[in-house]
Amino acid sequence: MKDHTVLKESKYKDVKKNIIKYAVGSRLTIFFLQLLSNIFIPDHNANVFIYPKQNVSNTNADNVMFMMFDGFTKWDAQYFIHVALYGYTHENTIAFFPLYPLTISTRTNTNIKKFDEIPGPISIPIIGTLHNYLPIIGPYQFDRLHHNGFKKLSRYGSIVREEMVPKVNIVWLFKPEDIETLFRTEGKYPQRRSHLALEKYRLDKPNIYNTGGLLPTNGPEWLRLRSVLQKGLSSPISVQNFLPSTNNIVQDWLLRIKELSQQPNVDYLPELSRLFLELTCMVAFDLRLDCFSKRELKPSSRTSKLIEAALVTNSCILKTDNGPQLWRKFDTPLYRKLRNAQQYMEDVAIDLLSLKMSLFKEKQTATSMSLLENYLSSPELDFKDIIGVACDFLLAGIDTTTYSTSFILHHIAENELAQEALYKECRKLLPSPFSPITKDVLAQAQYAKAVLKESLRLRPISIGIGRILDQDTVFSNYHVPKGTVVVTQNQVACLQERYFVHARQFIPERWLKTQKVYKQPHPYLVLPFGHGGRSCIARRLAEQNMLVCLMKVCRTFKIGWNGKSIDSRSLLINKPDGPISLTFEVRRTIQ
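Keep in mind that what you see is a predicted model, and the values were worked out from it rather than measured. Counting restarts for each chain, with residues numbered from 1 along the sequence as it is written. With pLDDT at 70 or above as the cut-off, local features in this predicted model cover only qualifying residues; side-chain atom pairs require 80 or more to be listed or tallied, and sums for whole chains, interfaces and linings still use all residues. Derived side-chain values reflect all non-hydrogen atoms in the structure, with water molecules and hydrogen atoms excluded from consideration.

Peer 1: Describe in detail the overall build of the protein, supporting the description with residues and values.
Peer 2: Think of it this way: any DSSP run of H or I at least four residues long counts as a helix, any run of E at least two long counts as a strand, and we number them from the N terminus. Check the secondary structure of the protein and you find 21 helices and ten strands. By definition in these notes, contact holds between two residues if any of their heavy atoms fall within 4.5 Å. Pairs at least 24 residues apart make up 71% of the contacts formed inside the protein by residues separated by at least 6 positions. Reported accessibility uses the Shrake-Rupley method at a 1.4 Å probe radius. Residues are deemed covered only where the shown protein chains occlude them. Split by element, the accessible area of the protein, about 29900 Å² in all, is 57% carbon and sulfur.

Now the structure itself:
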């Protein structure tokens, strides 16, 4: 009996030993498999859910742990980590076991700091921090947001809270990791707080507009507009259809530049405005406005007034968005300026749309439809929607590309080596100054694209990107509640040496993989057209127009600079703070 018991215990120990051996062996096998796979096999971009990583400083021990166990954070683990950090913020996270991640969450969230602990300028009752923006005595200026950003970064750090007016907070983000967190946590309807006075103007006229337009509208109505309007602009093929007309317009504009180049001390900013107004109207209305004709060059002409109206509107937006919103109660002088400018743009848009609709009804041929004709034939849009879209095109399409192109030409004029490298590429791709730029030419124009990207890094379209949080979020270990306005400081971040070597220098080669200076930056640093669902709807078109202009100008002229150094002023978008004093010398070599 005793021997039988000993034998039974011996077998039990053997079984237990085998279970432990196989359990430990299988887990070690899985551990080493994930470790090797994580080291040697690059991650596949499956375009699936990825949790936003928190921006915290890692120790060497942390980095070792990440290297060893990062393979276990793939696929479903992404949902567990997201729930642990942020809770059940999305419907698709509810399917995952709640107890474990929530338990972990209670332990990890204990060190997160409160919203009120975020450093920033002192807010005074009634006026908030607006006293900091008073002329002469205040350290900040509304039209120098990038200068303000440098000062705030230096004094308060990489995240700043500012109560512009009582109970209206803005959180400024300077770290790309925080910027990534912002966009990773966006929901179905990314919200922004911008163009508020423009929204009021349009909603006060329900007989003309259905909504405030694509720029200020949020929620399902924004998604409805966006889904329809992006169809003709989102794909490269759609945008490439505009290349023939773009070539013709730019070629006509170069004749105007050649004529002006004989005159001294010319400011070419108004000429660039005329170019991009003509290009915008060709896309938006499928019509030429003849912006370069003698009739339209007069200050009282329709195109001259349109350019002025766009400038006035953009100049008013930032101040009406951020100051005391007295214009909601009565017509302030600033609101009247915006209203008058918008009234003129609205009248012109309705006239041009009416003309196009009459031509559209008479059109009998089965040729491909233009962008506007697609909108007119869409059952999801009515005439009031299209009026708003047309005005948005005029407002957003003129100044943004005008100012960005002026900065590009300034950089090229001041950097002879970059200009020579660009000219060599243009001469290779365009045998003659009159050669058209085709999709094949653009596909090969790598240096021109690097010039564009480098200029947009140094002088982006705006200081950064604004959002209204639709859920509680953690930035740099600070809790920021739902409903807070958050603005990224990409322009300031892109000029930090920690992210770019010789950050303030114009070096297009930093974007070319064949060059020694190439280094892949953080993907959320250079975002001149925004990011995600609310990125610029006409990004591809704007880039194409600027590239065609840049390559045509460089192929035809040697560009010089005859003015003082320029900076940017923040009029919602970045505008040069001085004249664009370029010189153009016709290149004599024809190869």
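There's more to say after this.
Peer 1: I'd like a rundown of unusual backbone geometry, residues and numbers included.
Peer 2: Glycine aside, residues mostly have negative phi angles, and peptide bonds mostly take the trans form. Even without glycine at this site, Ile 126 takes up a positive phi of about 80 degrees. Among the secondary structure elements, Ile 126 is positioned in the loop between α4 (99-108) and α5 (145-156). Three exposure classes are used, based on accessible area relative to the maximum for each residue type with a 1.4 Å probe and protein chains only: buried under 20%, partly exposed in between, and exposed over 50%. We classify Ile 126 as exposed; its relative accessible area is 77%. For Asp 290, which is not glycine, the phi dihedral falls at a positive 55 degrees. Along the chain, Asp 290 turns up in the loop between α11 (269-285) and α12 (302-322).

Peer 1: Please give an account of the sheet that holds strand β2 (residues 168-173) that cites residues and values.
Peer 2: The strand order across the open sheet formed by four strands is β1-β2-β6-β3, and the pairing between neighbours is mixed. Each edge of the open sheet is held by one strand with a lone partner, namely β1 (159-165) and β3 (466-468). Taking the axes of each pair of neighbouring strands and ignoring which way they run, one obtains an average angle of 25 degrees across the sheet. Pairing between two strands is assigned when DSSP locates at least 2 bridges connecting them. Strand direction decides the pairing type here: β2 and strand β6 (residues 485-488), joined by four bridges, are parallel. Bridge assignment links Ile 170 to a residue of β6, and that residue is Val 485. Here the axes come from fitting lines to C-alpha atoms, over the contacting stretch only for helices, and the angles between their N-to-C directions go from 0 to 180 degrees.

Peer 1: Run through the pattern of salt bridges, naming residues and quoting values.
Peer 2: Any carboxyl oxygen of Asp or Glu within 4 Å of a side-chain nitrogen of Lys or Arg constitutes a salt bridge here. One pass over the structure, following the stated rule, counts 23 salt bridges. Between Arg 202 and Asp 392 there is a salt bridge; the shortest N-O distance is 2.8 Å. One end of the pair, Arg 202, is in helix α7 (residues 196-203); the other, Asp 392, is in helix α15 (residues 383-397), and 190 residues separate them in sequence. Across the pair, exposure class does not vary: Arg 202 and Asp 392 are buried alike. A cluster of three or more residues bridged by salt bridges with shared partners is formed by Arg 144, Arg 459, Asp 567 and Asp 577.

Peer 1: Run through the side chain of Glu 271, naming residues and quoting values.
Peer 2: Mapped onto the elements of the fold, Glu 271 is located in helix α11. What makes Glu 271 buried here is its relative accessible area of 9%. Apart from residues no more than four positions distant in its own chain, Glu 271 is found in contact with Trp 253, Arg 256, Ile 257 and Leu 260.

Peer 1: Describe in detail the pairing of β6, supporting the description with residues and values.
Peer 2: Alternating positions in β6 separate into two faces, Val 485 and Val 487 on one and Val 486 and Thr 488 on the other, with burial throughout. Sheet analysis places β3 next to β6, joined by three bridges and oriented antiparallel. Considered in β6, the bridge of Gly 466 is made with Val 487.

Peer 1: How would you summarise α15 if you had to cite specific residues and measurements?
Peer 2: For a helix, the expected span equals 1.5 Å multiplied by the residue count minus one. Look at α15: 20 Å from first C-alpha to last across 15 residues, which is about the 21 Å you get at 1.5 Å a residue. Here α15 lies mainly inside the structure; twelve of its 15 residues are buried. Those residues of α15 lying buried are Asp 385, Ile 386, Ile 387, Gly 388, Val 389, Ala 390, Cys 391, Asp 392, Phe 393, Leu 394, Leu 395 and Gly 397. Near the N-terminus of α15, the side chain that reaches the backbone nitrogen of Lys 384, with its oxygen 3.1 Å away, is that of Asp 382. Pairs of N or O atoms within 3.5 Å make up the polar contacts considered here, provided that, within protein, one atom can donate a hydrogen while the other can accept it, and that residues adjacent in sequence are counted only when both atoms are side-chain atoms.

Peer 1: Pulling in residues and values, what's your account of a nonpolar patch on the surface?
Peer 2: There is a patch of nonpolar side chains on the surface, built from Ile 20, Val 24, Leu 28 and Phe 32 and spanning about 370 Å² of accessible area. Summarising the element assignment, Ile 20 is placed in helix α1 (residues 2-40). Taking relative accessible area as the criterion, Ile 20 reaches 46% and is therefore assigned partly exposed. Think of a patch as exposed residues, more than 30% relative accessible area, with no salt bridge, where like charges cluster within 9 Å and nonpolar side chains (Val, Leu, Ile, Met, Phe, Trp, Tyr) cluster within 5 Å.

Peer 1: An account of the state of the cysteines is needed here, citing residue identities and associated values.
Peer 2: For this text, the term disulfide refers to a pair of cysteine sulfurs within 2.5 Å. With the rule as written, the count across this model stands at zero disulfides. Cysteine Cys 554 shares no disulfide, and the gap to the nearest cysteine sulfur, in Cys 426, comes to 4.8 Å.

Peer 1: Account for the packing of helix α10 (residues 243-260) against helix α21 (residues 539-556), naming residues and giving values.
Peer 2: Helix packing geometry: the angle between the two helix axes and the distance between the axes. Orientation of α10 relative to α21, taken along the N-to-C sense of each, is 40 degrees, at an axis distance of 10 Å. Here α21 runs oblique to α10, going by the angle between their axes. Classified by chirality, the crossing of α21 by α10 is right-handed. For the pair α10 and α21, the contacting residues are Leu 243, Thr 246, Asn 247, Val 250, Gln 251, Trp 253 and Leu 254 in the first and Gln 544, Asn 545, Val 548, Cys 549, Lys 552, Val 553 and Thr 556 in the second. Working rule for angles: under 35 degrees goes down as roughly parallel, over 145 as roughly antiparallel, 65 to 115 as roughly perpendicular, anything else as oblique. Left-handed is the label given to a crossing in which the near helix is rotated counterclockwise from the far helix by less than a right angle, and right-handed is the label when the rotation is clockwise.

Peer 1: So, the packing of aromatic side chains: which residues are in play, and what are the values?
Peer 2: Pairing of aromatic side chains requires ring centres within 6.5 Å, counting the rings of Phe and Tyr and the six-membered ring of Trp. Pairs whose planes differ by under 30 degrees are stacked, by over 60 edge-to-face, and all others tilted. The tally for this structure, following the rule as stated, stands at ten aromatic pairs. With a centroid separation of 4.9 Å and 80 degrees between ring planes, the pair formed by Tyr 268 and Phe 584 is classed as edge-to-face. Remark: Phe 584 occurs in strand β10 (residues 582-586) and Tyr 268 occurs in the loop between α10 and α11; sequence separation between them is 316 residues. Among the residues examined, Tyr 268 registers a relative accessible area of 3% and is labelled buried. On the basis of relative accessible area, Phe 584 is assigned to the buried category, the value being 8%. Aromatic side chains Trp 327 and Tyr 335 sit 6.2 Å apart centroid to centroid with 5 degrees between the ring planes, which places their arrangement in the stacked category.

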